[in-house]
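Tertiary structure, described
Listed below are the residues making up each chain.
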Amino acid sequence: MRKTLRIILVWTLISLLLQLGAYSLLDKQVAKVLGPVTESKRPITEELEATIPGSNLENIQISYAKDYLAYSENGTLKVFNLKKEKIVFVKNPPGNDQSKGVISYQWLPDRDTLVYFYAKKNPNPVTYITVPVESSQSQSISSTDPETEDPNQKPDNQDQKVEQKAVPKTKTVARYGNPQITELYTLELPNSDENIPPDDRFNQTIHEFPADSQVKSLVVSTTTNLIYLAIKNGSTDVLMEIDVMKNVRTLNRTGETINGMAASDRYGTLFINSKLNGNKQVISLGVGNRQVISKNTNDKVLGVRDGKVYIGEVKNNQLIKIKTTQDHSEMKNNPSLQTEWEGSIPFEDVRTLIGFNGQVVIYSQTTAYLITNGQLEELELLGDENYISDDGSELIRLNRSGTSTHVELLPLQAKGN
């Protein structure tokens, strides 16, 4: 009996150990999917050259895998396969209306997918519908016997009262809609070595998008599937949020202008450079809360990456200080800011991004400034035009030659760049 119990106990322990091992392995696999360790994942870099037909390229953006280049040429969106050296996608303006077409686009930071907004004229901005109007109540009228010749002679029977209902009345009313139709698309690109056409998918119509407006900034949070748009509508700014359920919200307050923004790569929280009633502040918008991150009128949000929010202090068009605060799922008012770097960098007509390992990259068409762990490195940029990928790893150098453009890709730290 004791021997039997001992055998049962041993096998029970073995079963429990096997289950614990299996659960542990499953937990690790789930963690890899739901919460990948981004710090250890280095970005993709390439060294290659290609020639693009055309010399009037604008808004150059490189894809996540560094194998596709999106650009605008004379109002047309084009996507170029850098490895096969051919144009694989073209989106023209509607008809001959050069004021419409693709008005903004952005690569997703973790895959070769391009998000873009397409505007076209609404063929039916005014519609007419028929609506009922309030009708009079039923009324009774007298009718005489049609066989009675003398109208003054009463018929044998008493007056016959015939109930007649009033005919319902209607009127035509004009309904004025948005004169512009604005649509959201996602363009999914295959592996650049494959001969598969891109998948151009229509997502939704943004009815709330003001006609003839300009997109000042577009940021995408892939962790929360949120898209943020800062739109200039005449003298008014509109800050718009679009979620995965196709809901559209306006986030800014009346009279508030937006001069730059960045989204958290962990929580989707939006950080904006706000100006309201003359007050300049850095504001966070997340989980329904609006918090003040910095009241310093010289502070601007530079970007967010790997749990840090980067704030730059700018005076007289010079970046003089970089500060950081922790990126939390729920931000608090006036968090503590830690100084990461102090110095002086020209901050006019420049682009700013936060690289994969936390380096702050500020660059113009001639010079790139890299600040890593408080150390500043200055690089000369040699192309006719120069761009740096959003992850801070790749330099895109453009040189025009006649009716074509020569493109060279180099890792940003490569010698001679």
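Sequence order sets the numbering: in each chain, residues are counted from 1 along the sequence as written. Side-chain atom pairs in this predicted model are given and counted only at pLDDT of 80 or more, local residue features only at pLDDT of at least 70, and totals for whole chains, interfaces and linings cover all residues. With hydrogens and water stripped out, all remaining heavy atoms of the structure feed into the side-chain values.

Structural notes on the layout of surface pockets
Here a cavity denotes grid points, spaced 1 Å and computed from the protein atoms alone, that fit a 1.4 Å probe unable to get out, and a pocket denotes an open set having protein on both sides within 12 Å along at least 5 of 7 lines; residues with an atom within 4 Å of a point are the lining. Grid points are joined across faces, edges and corners, and a volume is the space filled by probe spheres set on the points. Roughly 420 Å³ of internal volume is contained in the second largest pocket. If you go around the second largest pocket, you meet 20 residues; those closest to its centre are Thr186, Asn203, Asn225, Ile227 and Val244. Counting from the N terminus, the helices are the DSSP runs of H or I reaching at least four residues and the strands are the DSSP runs of E reaching at least two. Where the lining of the second largest pocket is concerned, the elements lending two or more residues are strand E7 (113–121), strand E12 (180–188), strand E13 (199–205), strand E14 (214–221) and strand E15 (226–233).

What about the nonpolar core?
Core analysis: the largest hydrophobic core is formed by 25 residues, its most contacted members being Ile60, Leu69, Leu82, Tyr363, Ile388, Ile396 and Val407. At the level of secondary structure, the elements contributing two or more residues to this core comprise strand E1 (48–53), strand E2 (57–62), strand E3 (68–73), strand E27 (360–363), strand E28 (367–372), strand E30 (385–388), strand E31 (394–401) and strand E32 (404–411). Here, two residues are considered to be in contact whenever any of their heavy atoms come within 4.5 Å of each other. Once you skip the residues sitting within four places of it in the chain, Ile388 turns out to touch Leu353, Val361, Tyr363, Ala368, Glu394, Leu395, Ile396 and Leu412. Counting residues in each nonpolar core, the second largest holds 15 residues, with Val115, Val215, Leu218 and Ile227 among its members. Nonpolar cores are built from buried Ala, Val, Leu, Ile, Met, Phe, Trp, Tyr and Cys residues. Side-chain atoms within 4.5 Å join them into one set. Partly exposed describes any residue whose relative accessible area lies between the buried limit of under 20% and the exposed limit of over 50%, with all areas from a 1.4 Å probe on protein chains only and scaled to the type maximum.

Considering the environment of Asp349
Of note, Asp349 is situated in the loop between strand E25 (338–346) and strand E26 (351–354). Residues Asp349 and Gln365 lie 16 residues apart in sequence; the distance between their C-alpha atoms is 9.1 Å.

A closer look at the sheet that holds E15
Here a strand pair is declared whenever DSSP counts at least two bridges between the two strands. On the basis of which strands lie adjacent, the open sheet formed by four strands has the order E14-E15-E16-E17 and antiparallel pairing. The sheet terminates laterally at E14 and strand E17 (248–250), the two strands that pair on one side only. For this sheet, the mean angle separating the axes of adjacent strands, direction not counted, is 20°. Bridge count for strand E16 (residues 236–242) against E17 is three bridges, and the pairing is antiparallel. Counted as the bridge partner of Glu241 is Arg249 from E17. To obtain each axis, a line is fitted to C-alpha atoms, and for helices this fit is confined to the stretch in contact; angles are then taken between N-to-C directions over 0 to 180 degrees.

Observations regarding the pairing of E31
Pairing of E30 with E31, which is carried by four bridges, proceeds in the antiparallel orientation. By the bridge assignment, Asn386 is partnered in E31 with Arg397. In textbook terms, the turn of a hairpin is the stretch between consecutive antiparallel strands, and for E30 and E31 this stretch comprises five residues, one of which, Gly392, has a positive phi near 75°. One ladder, built from eight bridges, connects E31 with E32; its direction is antiparallel. Bridging from a neighbouring strand, Ile396 pairs with Leu409 of E32. Taking the residues that link successive antiparallel strands as the turn, the E31-E32 hairpin has two residues, and the phi of Gly402 there is positive, at about 65°.

Overview of the pairing of E2
As defined by bridge partners, E2 adjoins E3 across four bridges and the pair is classed as antiparallel. Paired with Ile62 across the strands is Leu69, a residue of E3. The loop that links E2 with its antiparallel partner E3 comprises five residues; one of these, Lys66, has a positive phi angle of about 60°.

What about the sheet that holds strand E29 (residues 375–380)?
Within the open sheet, the four strands sit side by side as E26-E27-E28-E29. Their pairing is antiparallel. Both outer strands of the open sheet, E26 and E29, are each paired with one neighbouring strand and no more. Within this sheet the neighbouring strands show an average axis-to-axis angle of 15°, counted without direction. As paired elements, E27 and E28 share four bridges and run antiparallel to each other. Among the inter-strand pairings, Ile362 is bridged to a residue of E28, identified as Tyr369.

Description of unusual backbone geometry
The backbone phi angle of Glu85 is positive, close to 55°, even though this residue is not glycine. Within the element layout of this structure, Glu85 appears in the loop between strand E4 (76–81) and strand E5 (86–91). Positive phi outside glycine occurs at Asp306, with the angle close to 50°. Note that Asp306 resides in the loop between strand E22 (299–305) and strand E23 (308–315). On the basis of relative accessibility, which here comes to 23%, the residue Asp306 falls in the partly exposed class.

What about the side chain of Ser264?
Within the secondary structure layout, Ser264 lies in the loop between strand E18 (257–263) and strand E19 (270–276). Polar contact is the term for a pair of N or O atoms within 3.5 Å; when the atoms are in protein, one must be able to donate a hydrogen and the other to accept it, and sequence-neighboring residues count only if both atoms are side-chain atoms. A polar contact is formed between the side chain of Ser264 and the backbone nitrogen of Tyr267, at a distance of 3.0 Å. Look past the residues within four positions of Ser264 in its chain and what remains in contact with it is Ser221, Thr223, Thr269, Phe271, Val304 and Asp327.

A few points about the packing of aromatic side chains
Any pair of Phe, Tyr and Trp rings, taking the six-membered ring for Trp, is counted once the centres come within 6.5 Å. Such a pair is stacked with planes under 30 degrees apart, edge-to-face with planes over 60 apart, and tilted for the rest. The full count for this structure, using the stated rule, is three aromatic pairs. Considering the side-chain rings of Tyr185 and Phe202, the 5.6 Å spacing of their centres and the 70° angle between planes classify their relative orientation as edge-to-face. One end of the pair, Tyr185, is in strand E12; the other, Phe202, is in strand E13, with 17 residues separating them in the sequence. Residue Tyr185 is classed as buried on the basis of its relative accessible area of 11%. For Phe202, a relative accessible area of 43% corresponds to the partly exposed category. Counting every residue linked through ring pairs, the aromatic cluster contains Phe89, Tyr116, Tyr185 and Phe202. The ring of Tyr118 has Lys91 sitting right over it, with the charged end atom 5.0 Å from the ring centre. Charge over a ring is defined by NZ of Lys or CZ of Arg lying within 6 Å of the ring centre and within 35 degrees of the ring normal. Just above the ring of Tyr185 sits the side chain of Lys91; from NZ or CZ to the centre is 4.4 Å.

Section: the environment of Ile227
Structurally, Ile227 is set in strand E15. For the pair Ile227 and Asp243, spaced 16 residues apart in the sequence, the C-alpha separation amounts to 6.5 Å. Those residues within four positions of Ile227 in sequence are excluded, and the remaining contacts are Val115, Phe117, Leu184, Leu218, Val219, Val220, Met240, Glu241 and Ile242.

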